Amino acid sequence: MPLAPQRADVPVTIDESKCIDGCTLCVDMCPLDSLAIDDSSGKAYMHVDECWYCGPCAARCPTGAVTVNMPYLLR
Ligand code: SF4
Ligand code: SF4
């Protein structure tokens, strides 16, 4: 099995190239505090692998950097 370049099995992935330095909107929106800003990169990332798939993190991101990877069973 080939190695994946990025974990695709986490509930929410963030495109760091689109994430704006200093923005914390998705972190602020998440009811589970699953997202955080990485201290070194200044970009958002999923630091707790827990998610309700409720969507405001992706909906509020001004650049569309957040992708909620819906499990097939919930679609
Ligand atoms: S979908 Fe909801 S629970 Fe999951 S990371 Fe986004 S805001 Fe948090
Ligand atoms: S809302 Fe978008 S731009 Fe803002 S911190 Fe989250 S991923 Fe980055």
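Residues numbered from 1 in each chain as written. Chains lettered and ligands numbered in written order. Predicted model: local features only at pLDDT ≥ 70, side-chain atom pairs only at ≥ 80, totals over all residues. Heavy atoms only, no water.

Looking at an unreviewed UniProt entry, one finds the protein named Ferredoxin family protein and attributed to Streptomyces adustus.

Here we come to the overall build of the protein. Of the regular secondary structure elements, the protein holds two helices and four strands. N-terminal to C-terminal, the α/β element order of the protein is β-α-β-β-α-β. Among the 75 residues that make up the protein, the fraction classed as buried is 27%. At a minimum sequence separation of 6, the contacts of the protein that also span at least 24 residues come to 48%. Surface accessibility of the protein: about 5,200 Å² in total, with carbon and sulfur atoms responsible for 56%. (Helix = DSSP H or I, 4+ residues; strand = E, 2+ residues; numbered from the N terminus. Buried < 20%, exposed > 50% of the residue type's maximum accessible area, 1.4 Å probe, protein only. Contact = heavy atoms within 4.5 Å. Areas by Shrake-Rupley, 256 points an atom, 1.4 Å probe, with all protein chains shown as cover.)

Turning next to the site of ligand 2. Close to ligand 2 lie Ile-14, Cys-19, Ile-20, Cys-23, Leu-25, Cys-26, Ala-44, Cys-61, Pro-62, Ala-65 and Val-66, which account for all nearby residues. Of the pockets mapped on this structure, ligand 2 occupies the second largest cavity. Among the residues making up the shell around ligand 2, the classes are represented as eleven nonpolar, no polar and no charged. (Near = heavy atom within 4 Å. 1 Å grid on protein atoms, 1.4 Å probe; cavity = no way out; pocket = protein on both sides within 12 Å on 5 of 7 lines; lining within 4 Å. Sits in = over half its atoms within 2 Å of the grid points. Nonpolar A, V, L, I, M, F, W, Y, C, P; charged D, E, K, R; others polar.)

Attention now goes to the pattern of salt bridges. In the structure shown here, the tally under the stated rule is one salt bridge. Here Asp-21 ties to Lys-43 by a salt bridge, and the two come within 3.3 Å at their closest N and O atoms. You can see Asp-21 sitting in the loop between strand S1 (12–14) and helix H1 (25–29) and its partner Lys-43 sitting in the loop between strand S2 (35–37) and strand S3 (44–46), a full 22 residues away along the chain. (Salt bridge = Lys/Arg side-chain N within 4 Å of Asp/Glu carboxyl O.)

Let us look at the nonpolar core. Listed in full, the twelve residues of the largest apolar core are Val-12, Ile-14, Cys-19, Cys-26, Val-27, Leu-35, Ala-44, Met-46, Cys-57, Cys-61, Ala-65 and Val-66. Secondary structure elements with two or more residues in this core: S1, H1 and S3. Setting aside chain neighbours within four positions, we find Cys-26 in contact with Leu-35, Ala-44, Cys-57 and Val-66. (Core = buried A, V, L, I, M, F, W, Y, C linked by side-chain atoms within 4.5 Å.)

Residue placement: Val-27 occurs in helix H1. Exposure remark for Val-27: the relative accessible area of 17% places this residue in the buried category. In this structure the C-alpha to C-alpha distance between Val-27 and Tyr-45, which are 18 residues apart in sequence, comes to 8.8 Å. Ignoring anything within four residues of it in the chain, the contact list for Val-27 reads Asp-33, Leu-35, Ala-36 and Ile-37.

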